[in-house]
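Close look at the chain arrangement
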Number of protein chains: 2
Amino acid sequence: MEELNELWGRYNEFKQRNLKLDMSRGKPCKEQLDISEGLLTALSHNEDCFGENGIDYRNYGLLDGIPEMKRIFADLLEVSENEIIVGGNSSLNMMYDSVARAMLFGVLGSEKPWSKYDRISFLCVVPGYDRHFSVTESFGINMICIPMLDDGPDVDMIEKFAAKDETVKGLWCVPKYSNPDGITYSDEKVRRLAAIKTAASDFRIFWDNAYALHDLDSEGDDLLNILEEAKKYGNEDKIYMFCSTSKVSYPGAGVSCMAASVNNIEFIKKQLFFQTIGPDKLNQLRHARYFKNADGLRAYMKKHAEIIKPRFEAVLTELENELTGIASWHSPRGGYFISLNVPSGCAKRTVALMKDAGVVLTGAGATFPYRNDPDDRNIRIAPTYPPIEELKTATELLCICVKIAVAEKKQGENK
Amino acid sequence: MEELNELWGRYNEFKQRNLKLDMSRGKPCKEQLDISEGLLTALSHNEDCFGENGIDYRNYGLLDGIPEMKRIFADLLEVSENEIIVGGNSSLNMMYDSVARAMLFGVLGSEKPWSKYDRISFLCVVPGYDRHFSVTESFGINMICIPMLDDGPDVDMIEKFAAKDETVKGLWCVPKYSNPDGITYSDEKVRRLAAIKTAASDFRIFWDNAYALHDLDSEGDDLLNILEEAKKYGNEDKIYMFCSTSKVSYPGAGVSCMAASVNNIEFIKKQLFFQTIGPDKLNQLRHARYFKNADGLRAYMKKHAEIIKPRFEAVLTELENELTGIASWHSPRGGYFISLNVPSGCAKRTVALMKDAGVVLTGAGATFPYRNDPDDRNIRIAPTYPPIEELKTATELLCICVKIAVAEKKQGENK
């Protein structure tokens, strides 16, 4: 009781400061965006706009993107150039469209469009990326939660669901520096997913490799190439990989990419033909000229790490000092988030207290399908965007809010 | 017979020249693309990337586009800024996605998604834009042909179909400098379309104003604002307008736009939320800064007209000299095409003869749903892309091919 009073005292001190902070979204900060200034003028003259193939990229054409950018993504994802489609500025858009096409027309190997089933389901690793879940929900697809473990999802459970029911059509994964836990799937988990036996002939693993390059340390985690592994089991058509330069160049004006088996790519290109005459080739060329090659992109990621690593450290230090023994978290070696697990029943209250004091966090529950964290314990922290001093303030306050929520809960239980 | 021999002689002379010409697609030529060079460097420094609202356009956000570009499109289309969504580089993509969302979820006022009907139909003004028809066909939507007349489509027929059948859900129009005829709908036709009574509560007119600014003469045609007219009849929710800068700046890297009633826009934004975090705002800002305002865009169109008008004239002069009394066409005051109507049964043969001699035309029939021109008479000529000398050569050959096809047909009839 005394402890709670003291916490409220400290909380109210923060509240009086009229904070207006935002730790809700995984956005790069201004310093990160500033390092790509040269990208703006990578194409400056008319004659810069022609591809290595002599094609005028200002004009129509090239449905699946320019070869220069295909080569870079192929190198990054360790696939061949004919396993790549380069898109517009949003990989989320490519994922949404991939599900939309599956609903409307089916994927390669579908007996019928997915929308013709009474109900289909996707397996969702939790906690996970809220936008994956909202895409799925928007199509009325049922979502089944698969717990994230220390080295990737509970694959036993995935195998069980996928094997027994042909209306289980998909699995969402962020396999490297997972959103929000920051965990990279182990080789064994990737191999088992690559070898998966599914009741549905048209099952797809949506492998959102959003943080493929986003190491915080000089030596990043290694992720096994699931497309290559899947080929060993004749499963290559089950894999859709996605990535983008959104957090390398610009979130609002980057280049996205999809990688899949040649059969899938050919099938998808036939569907894509109806949707567009082609992506923005000049922005693709701008990226290819500026970053030059996959190593060029990788080098930029070191600059990003220099900027954001201290932010991660500031949050983690504060959590360690204040919440050890109270809450748990994983110290990520890359990605954009820290996933804080508070005692059950305390996440919503913590986020509400933060909001009342002027700090916006991702809504509690957002990392679960239907925004429903059954244990009400996961809070996603996005440390990259705020200036480091604000981040320290916000984290200090966060620790107080967690403690208040925990103390209140105990008090309630003792009544 | 002697005439045919002479024609073959001339044809073979052309054939021996091993021509490789392309008059198939409405693409701007290199000179047109070159005039927008300054667009490439309209944003050159980090500090250029902030909007008038202080928002960093390099980062995520602004689902429906930047206010600077909304204002320009609102001015061009004579609608308000809250009746606008600014998109990516392709208005075809916006149209496709609009139909896709209707199929998956329905539009504002739909009882159910359009894909839940056994069959729905669209009314298609013919000859028309092949990509409209291929979008429609890709969704399995039945297409009903509506003949184009001298001042717009046969509205009597549109009214009849729309009024009697609630599975008639849409109408495709290119209302200004129509593709391919180059005809602008008269005020009376626009008013009748705006006032249309439809059996379906969720009927939509897809008003593809692709050539809104694309005058060849200093004084262009005037097109009545259908959204404004529709408001008089409570029909504003029936109108989806589309346009883009594809043929103002760059076909591959322009900015597209959709305009509709505030109710429609709000409804669509809710659906769009799931698809993307936002369009490429930097490319939008690049356009807004470079062209400044709607008048800036209009001024550029005069430069385009200077470049392409002689090309139209070259084709029209040759047609007049050679095909008067044999074929018919409309001399367009804007747009990108000349629509040539040859005697029935002669279009395919003409296009095939051209192809054999090395000149690619748009496939005969392409301007009709299912690529089926019932009279086999319409040929779409796209004069903007080839250099003028090539264009003259190609048109000379075209006239010969038409005459051969006509002579062969006569011969066949006389047998």
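Computed from a predicted structure; not experimentally measured.

**With respect to helix α12 (residues 347–356) of chain B**
Owing to its 3.6 residues per turn, the α-helix brings residues three or four apart onto one side. Residue and element names in this part refer to chain B. Residues of α12 that are buried: Ala-347, Thr-350, Val-351, Leu-353 and Met-354. Looking down the long axis of α12, one finds its buried residues gathered within 160 degrees of arc, a one-sided arrangement. Contacts made by the buried residues of α12 are with β12 (359–361), β13 (378–381) and α13 (388–414). Where α12 terminates, the next one or two residues include Gly-358, which has phi positive at roughly 95 degrees.

**Some details on the sheet that holds strand β3 (residues 121–126) of chain B**
Residue and element names in this part refer to chain B. Taken in spatial order, the eight strands make up an open sheet running β2-β9-β8-β7-β6-β3-β4-β5, and their pairing is mixed. Where the open sheet ends on each side, the last strands, each with one partner, are β2 (84–86) and β5 (152–153). Looking at chain direction, β3 and strand β4 (residues 142–149) are connected through six bridges and run parallel. For Phe-122, the partnering residue across the bridge sits in β4 and is Met-143.

**Details of the relation of the copies chain A and chain B**
Rotating chain A by 180 degrees and moving it 0.0 Å along the rotation axis overlays it on chain B with an RMSD of 0.0 Å. As the rotation angle and translation indicate, the two copies are arranged about a two-fold axis. Measuring from the rotation axis to each C-alpha of chain A, the shortest distance belongs to Thr-41 of chain A, at 2.9 Å. Most of the interface of chain A is mirrored in chain B, where 100% of its interface residues are also at the interface.

**Quick look at the packing of helix α3 (residues 67–77) of chain B against helix α10 (residues 281–291) of chain B**
Residues and elements named next belong to chain B. Running from N to C, α3 and α10 point in directions that differ by 60 degrees, and their axes come no closer than 8 Å. Compared by their axis directions, α3 and α10 come out oblique. For the pair α3 and α10, the crossing hand works out as left-handed. Two secondary-structure elements touch here, α3 through Glu-68, Met-69 and Ile-72 and α10 through Gln-284, Leu-285, His-287, Ala-288 and Phe-291. Per-class residue counts for the contact of α3 with α10 are five nonpolar, two polar and one charged.

**Things to note about the pairing of strand β11 (residues 338–341) of chain A**
Residue and element names in this part refer to chain A. In the sheet, strand β10 (residues 328–329) pairs with β11 via two bridges, with the strands oriented antiparallel. Considered in β11, the bridge of Ser-328 is made with Asn-341. With four bridges joining them, β11 and strand β13 (residues 378–381) adopt antiparallel strand pairing. Counterpart to Asn-341 in the pairing with β13 is Asn-378.

**Regarding the environment of Ile-144 of chain A**
All names here are of chain A. In this fold, Ile-144 is placed in strand β4 (residues 142–149). Along the backbone, Ile-144 and Val-126 are 18 residues apart, and their C-alpha atoms lie at a distance of 9.5 Å. Apart from residues lying up to four places away in sequence, Ile-144 is in contact with Ser-121, Leu-123, Cys-124 and Phe-161.

**A look at the domain arrangement of chain A**
Residues and elements named next belong to chain A. Here the domain parsing of chain A yields domain 1 (2–26 + 298–414) and domain 2 (44–292). For domain 1 versus domain 2, the separation of C-alpha centres amounts to 30 Å. Counting residues at the interface gives 22 residues for domain 1 and 26 residues for domain 2. Broken down by secondary-structure element, the contributors of at least two residues to the side of domain 1 that touches domain 2 are α11 (294–323), β11 and β13. For the side of domain 1 that touches domain 2, the leading source of residues is α11, giving six residues. Grouping the amino acids of the side of domain 1 that touches domain 2 by side-chain chemistry returns twelve nonpolar, six polar and four charged.

**Describing the interface of chain A and chain B**
Every contact between the two is made by 44 residues of chain A and, on the other side, 44 residues of chain B. Breaking the side of chain A that touches chain B down by element, the ones donating at least two residues are α2 (30–34), α4 (91–105), α5 (130–138), α9 (262–275) and α10 (281–291) of chain A. For the side of chain A that touches chain B, the element with the highest residue contribution is α4 of chain A, accounting for six residues. Taken together, the residues of the side of chain A that touches chain B break down into 18 nonpolar, 17 polar and nine charged.

**Here we look at the confidence of the model for chain A**
Here chain A averages 97 in pLDDT, and 100% of its residues register 70 or above. Confidence estimates for the predicted assembly give a pTM of 0.97 and an ipTM of 0.97.

**Some words on the environment of Ser-244 of chain B**
Here Ser-244 of chain B lies in strand β8 (residues 239–244). Here Ser-244 of chain B is in contact with Ser-91, Gly-254, Val-255, Ser-256 and Cys-257 of chain B, once residues within four sequence places are set aside.

**Quick look at the sheet that holds strand β9 (residues 256–260) of chain A**
Residues and elements named next belong to chain A. With mixed pairing, the eight strands of this open sheet are ordered in space as β2-β9-β8-β7-β6-β3-β4-β5. Every interior strand has two partners, whereas the edge strands, β2 (84–86) and β5 (152–153), have only one. As defined by bridge partners, strand β3 (residues 121–126) adjoins strand β6 (residues 168–173) across four bridges and the pair is classed as parallel. Note on β6: the bridge partner recorded for Phe-122 is Gly-170. The strands touched by α5 are β3, β4, β6 and β7 (204–208); relative to β3, the strand with the most contacts, the crossing angle is about 165 degrees.

Thresholds applied
- Residues numbered from 1 in each chain as written.
- Chains lettered and ligands numbered in written order.
- Predicted model: local features only at pLDDT ≥ 70, side-chain atom pairs only at ≥ 80, totals over all residues.
- Buried ≥ 20, exposed ≤ 12 C-beta atoms within 10 Å, placed from the backbone.
- Helix = DSSP H or I, 4+ residues; strand = E, 2+ residues; numbered from the N terminus.
- Arc of directions from axis to C-beta.
- Contact = placed C-beta atoms within 7 Å.
- Pairing = 2+ DSSP bridges.
- Least-squares fit on C-alpha atoms with pLDDT ≥ 70 in both.
- Axes fitted to C-alpha atoms, helices over the stretch in contact; angles between N-to-C directions.
- Parallel < 35°, antiparallel > 145°, perpendicular 65-115°, else oblique.
- Left-handed = near helix turned anticlockwise from the far one by under 90°.
- Nonpolar A, V, L, I, M, F, W, Y, C, P; charged D, E, K, R; others polar.
- Domains from an automatic or database assignment.
- pLDDT = per-residue confidence, 0-100.

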